[in-house]
Amino acid sequence: MGNSIIEKPEIVVVGMNHRTAPVEIREKLSLSSEEILMGLEMIKSKKIFKESFLFSTCNRVESVFVTNFKEEALKKIYEIFSIMKNIPISEFKTYFYEYSGEEAVKHVFKVSSSLDSMVIGEPQILGQVKDAYKLSVSSGNSKVILNRLFHRAFQTAKKVRTNTGIGGHAVSISYAAVELAKKIFNDLSSKKILLIGAGEMAELAVEHLIHNKTAHVFVANRTFERGLVLAKKFSGSAIRFEEVISALEWADIIISSTGAPDYILTKTQVKPVMKKRKNSPLFFIDIAVPRDIDPNINKINNVYVYDVDDLSDVVNTNMKQRQEEAIIAMNIVDDMASHFLSWKQNLKVVPTIVELREKIQGIVKFELEKTMKESGIELDSYAPGIEKMIDSICNKILHHPITFLKEPGGHRDLPTYLSMLRNLFNLDEKSVATIRKINSK
Amino acid sequence: MLFFLPPIYFSAFIFYFLSQLKRKDSLRKTGFFIMLAAGAIHFFYLALKGIKLGYLPTFGSKDIMIESSFFIVFFFMFLFFKYKVDLLGGVVSILISVITLASIFMPEYQYQPPGNLNIVITAVHVFFTFLANAAFFMACILGCFYLIQERNIKEKKLGFVFKRMSSLEILEEAGNFCILCGFICLSAGIAIGIVWSKHIFGYFISFDIKELWSLLTWIIYAAIIHGRLTSEWKGKKAALMAILGFFIIIFSLIGINIFTDSFHGEFFKGSPANIVIKG
């Protein structure tokens, strides 16, 4: 490993996700934040890893690291997973993907931008990546390269979110219902919700609406006590099931999810209510199967009825749109990745520049000391001025080579130039002491 | 200067359009500022022409079109600070660019208004009536928006337009606001007209068909406001009424002016009026 050009630090991603691994494997390997910290400590103790990052959600387990020795590092990381989760490597290794260089960078950007998620564009992933990154920083595992990589990843995610419609379309039934409510009512904060019956999806829809600051939730359940419990959950109030019709006079959004075999509200019941509520809009979300709300109610002016099928249609079209938006988002990822890679390439130049400068400074200093000693002049009294002179000689000699290294132009092969430079100045057998030795001989 | 208006309004439209396509708010803002600049140029054009003529350029269909379109832009800006209605800027900018483009090809009429026509009163009368029309025009567009969005939601067609249009509630509120503004301005315009008529003709109302039609318009909009307040006409019905109301205005503006011999019509056609002015 004498040539440090070959030893360039490489970014490597190793992991598995919902596409590559079945849920049983994902369950077995998923890491809690304590386990992540433990894993990071284990990785840190191995000198082969320069920087590292560990990430785990219900759909993926991943490690991103920087190393000079990719193959050995990969072996080590599998060992670490195996030790931590107490599973033999052979049981999970086949489900893992490995990326390095440009592919690895793009993968990290894609994951953060939610382009690699099971539900494309879901917003939680960015927060999860950020949390994992914080752990990596606080444990001292993330340094120059990963810090830059993740900051760029967060920027990419933001850019993708603002410049494409990837997060714009609801892809769950309950979100689709909220999206619709927002197109009927301008200000949800003054609207009242009535939940009829109970059910996971209905409760989720109510939660989303509350999240959007609706005023008050009322719950009507056949068993009043169950209604009370639910109402407490949403800090709302319970009404009796028989009061539903009269409640239509003041409720704005009705979410229905009962187990009733027949319609619980019909057109003839709702129509007279509209006059009482001064024709202000009424929005029915019918999540029950079989349906609770007579679809004919949709024909009444200013009344809108959506059932589960309607909402799933919305979700399906939105899903397709998100996939289309993901194609646009990939352009952003490519663009950001190439920016990052050119920064990283530049980074490799820096150690060479430092070494080159040290070498030249060493030579000048050495020759100066020698000359002064021979002439019998005390060097110390001239020190500040002389130091400055040495620096400026070095800068002048090295100005052009350094500028060239930093901007070699796109078509030039930087590693070749670096290697040539290191050979010309014999930088790989560096240290001023050696130079002195050679000179003094 | 008139030749600059259609392309500038059209470029505002392009920015509005792109902002929807690319989902960039910065493009929408640029569109708005271009529209603002176009409005300013529009104003200077009218002001310079007014100074040159010595009276408000309100006579002849060419000037009426240019002035109407200016008031629409003016009212759009006014509305913008109260209600942010999505897509409205794009629709207004393209319509204005078409109207101003058409006005370029309209012949310029030489018209000498009666010497003792009070310029200031004319200006105030014109200001209120034109602003009223602009407000009703905006209410009509918002009514169309409402019908489109209502149809989208009712028929469960939640596509491109649905996602980009404002909520029904805001469309209705903004529409109500426009109608109220328009009604106030129309009332003021008619009141000034009546008083002024007494001053120059000696009687409050000449039973000129234009005047009668204006009163009809006033009554219709009063009814619309009443309907909206009592919540009889809400939602779709209110939107339909706003569109109907504006069609009546269009009829009174074009139909009556062209097909009848109202003295307001003489202004519209721009041929010398046979107005008998007292004193």
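Reports often express the size of an interface as the amount of accessible area lost when the parts come together. Chain A puts 16 residues into the contact, and the matching count from chain B is 14 residues. Contributing elements (two or more residues each) for the side of chain A that touches chain B: α8 (173-184) and α13 (308-375) of chain A. Residue composition of the side of chain A that touches chain B, by class: five nonpolar, seven polar and four charged.

Residue and element names in this part refer to chain A. A sheet is described by the order of its strands in space; here six strands give the open sequence β7-β6-β5-β8-β9-β10, paired in parallel fashion. Strands with a single pairing partner mark the edges of an open sheet, and in this sheet they are β7 (237-240) and β10 (303-307). The average undirected angle you get between the axes of adjacent strands in this sheet is 20°. Sheet topology note: the strand β8 (residues 253-257)/strand β9 (residues 282-286) ladder contains four bridges and is parallel. Across the sheet, the residue bridging to Ile253 is Phe283, located in β9. On the sheet, helix α9 (residues 200-211) packs against β5 (192-197), β6 (216-221), β8 and β9 and is oriented at approximately 160° with respect to β8. Contacts from helix α10 (residues 224-233) reach β5, β6 and β7, with the element oriented near 160° to β6.

Moving on, we come to the domain arrangement of chain B. Residues and elements named next belong to chain B. Each assigned domain of chain B is listed here: domain 1 (1-110) and domain 2 (111-279). Counting residues at the interface gives 25 residues for domain 1 and 27 residues for domain 2. Of all the elements in the fold, those that place two or more residues in the side of domain 1 that touches domain 2 are α3 (61-80) and α4 (88-104). With ten residues, the single largest contributor to the side of domain 1 that touches domain 2 is α3. Looking at side-chain class alone, the side of domain 1 that touches domain 2 contains 16 nonpolar, six polar and three charged residues.

Following A:Val289, the chain continues to A:Pro290 via a peptide bond in cis, the omega torsion being -5°. Tracing the sequence through the fold places A:Pro290 in the loop between β9 and β10. With phi around 65°, A:Ser114 is a residue other than glycine that occupies positive phi space. Looking at where A:Ser114 falls in the secondary structure, it is placed in the loop between α5 (102-112) and α6 (124-138). The class of A:Ser114 is buried, set by 25 C-beta atoms lying within 10 Å. Of note, B:Lys156 is a non-glycine position whose phi angle comes to about 60°, a positive value.

The next thing to look at is the packing of α3(B) against α4(B). Residues and elements named next belong to chain B. Packing of α3 against α4 leaves a shortest axis separation of 9 Å and a crossing angle of 165°. One element, α3, and the other, α4, form an angle in the roughly antiparallel class. Read as a crossing pair, α3 and α4 show a hand that is left-handed. Seen from α3, the contacting residues are Lys62, Met65, Ile66, Ser69, Ile72, Val73 and Phe76; seen from α4, they are Val92, Ile96, Ile99, Thr100, Ala102 and Ser103. A class-by-class count of the residues in the contact of α3 with α4 yields nine nonpolar, three polar and one charged.

Residues and elements named next belong to chain A. Strand order across the open sheet formed by four strands is β2-β3-β1-β4, with antiparallel pairing between neighbours. Since the sheet does not close on itself, it has two edges, and those belong to β2 (49-56) and β4 (97-100), each with one partner. Between one strand axis and the next, the sheet turns through 15° on average, direction left out of account. Pairing of strand β1 (residues 10-17) with β4 involves four bridges; the strand directions are antiparallel. Within β4, the residue paired with Val14 across the bridge is Glu98.

Cut-offs and rules
- Residues numbered from 1 in each chain as written.
- Chains lettered and ligands numbered in written order.
- Predicted model: local features only at pLDDT ≥ 70, side-chain atom pairs only at ≥ 80, totals over all residues.
- Contact = placed C-beta atoms within 7 Å.
- Helix = DSSP H or I, 4+ residues; strand = E, 2+ residues; numbered from the N terminus.
- Nonpolar A, V, L, I, M, F, W, Y, C, P; charged D, E, K, R; others polar.
- Pairing = 2+ DSSP bridges.
- Axes fitted to C-alpha atoms, helices over the stretch in contact; angles between N-to-C directions.
- Domains from an automatic or database assignment.
- Buried ≥ 20, exposed ≤ 12 C-beta atoms within 10 Å, placed from the backbone.
- Parallel < 35°, antiparallel > 145°, perpendicular 65-115°, else oblique.
- Left-handed = near helix turned anticlockwise from the far one by under 90°.

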